[in-house]
Amino acid sequence: QVQLVESGGGLVHPGGSLRLSCAASGSISTIYVMGWYRRAPRKQRELVATVTSSDTINYLDSVKGRFTISRDNAKNTVYLQMNSLKPEDTAAYYCYADCYTTRGRRDDYWGQGTQVTVSS
């Protein structure tokens, strides 16, 4: 099994910053992709940012220039630095990983979610 544990969410004012962390653990052989998705009330889940094993990074257009994704391969941990936060960023943020396990199976894994609220 693979487990993803997120932390770092909270309540901030517009223009503030938060840093999310996600640590993967368990029977991991290879992590091909790690990243973050979010789901806001009355909206579909959307990709926020991902980083691949070859260091290819993709961002949601609306967060480009404000959010930065990074990865510590030795710790199997991914981070999301969020600056200049807007009320539109309010959502539950979910960590995502595409992993190959030591038992030879490749699957997608999800964290439990961490809430980010941006409000005056």
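Above this text you will find the structure in question.
Just so we're clear, the structure is a prediction, and the values are computed from it rather than from any experiment.

1. Some remarks on the state of the cysteines
For step 1, the next point in the chain: For the coordinates displayed, the defined rule picks out one disulfide.
For step 2, the next point in the chain: One disulfide bridge connects cysteine 22 with cysteine 95, the sulfur atoms lying 2.0 Å from each other. Taking the torsion about the sulfur-sulfur bond, which here is approximately -85 degrees, the covalent link between cysteine 22 and cysteine 95 counts as left-handed. Of this pair, cysteine 22 sits in strand E3 (residues 18-26) while cysteine 95 sits in strand E9 (residues 91-101); the two residues are 73 residues apart in sequence, bridging distant segments of the chain. Each member of the pair cysteine 22 and cysteine 95 is classed as buried.
For step 3, the next point in the chain: For the unlinked cysteine cysteine 99, the closest cysteine sulfur is that of cysteine 95, found at 9.0 Å.

2. Examining the sheet that holds strand E1 (residues 2-7)
For step 1, the next point in the chain: Pairing within the open sheet is antiparallel, and its four strands lie in the order E1-E3-E8-E7. Edge strands, defined here as strands with exactly one partner in the open sheet, are E1 and strand E7 (67-72). If you compare each strand with its neighbour and ignore which way they point, the axes differ by 15 degrees on average.
For step 2, the next point in the chain: Bridge analysis of E3 against strand E8 (residues 77-82) gives six bridges, and the strand direction is antiparallel. Residue serine 21 lies in a different strand from E8, and its bridge partner there is tyrosine 79.

What counts, and where the lines are drawn
Residues numbered from 1 in each chain as written. Predicted model: local features only at pLDDT ≥ 70, side-chain atom pairs only at ≥ 80, totals over all residues. Heavy atoms only, no water. Disulfide = S-S within 2.5 Å. Helix = DSSP H or I, 4+ residues; strand = E, 2+ residues; numbered from the N terminus. Buried < 20%, exposed > 50% of the residue type's maximum accessible area, 1.4 Å probe, protein only. Pairing = 2+ DSSP bridges. Axes fitted to C-alpha atoms, helices over the stretch in contact; angles between N-to-C directions.

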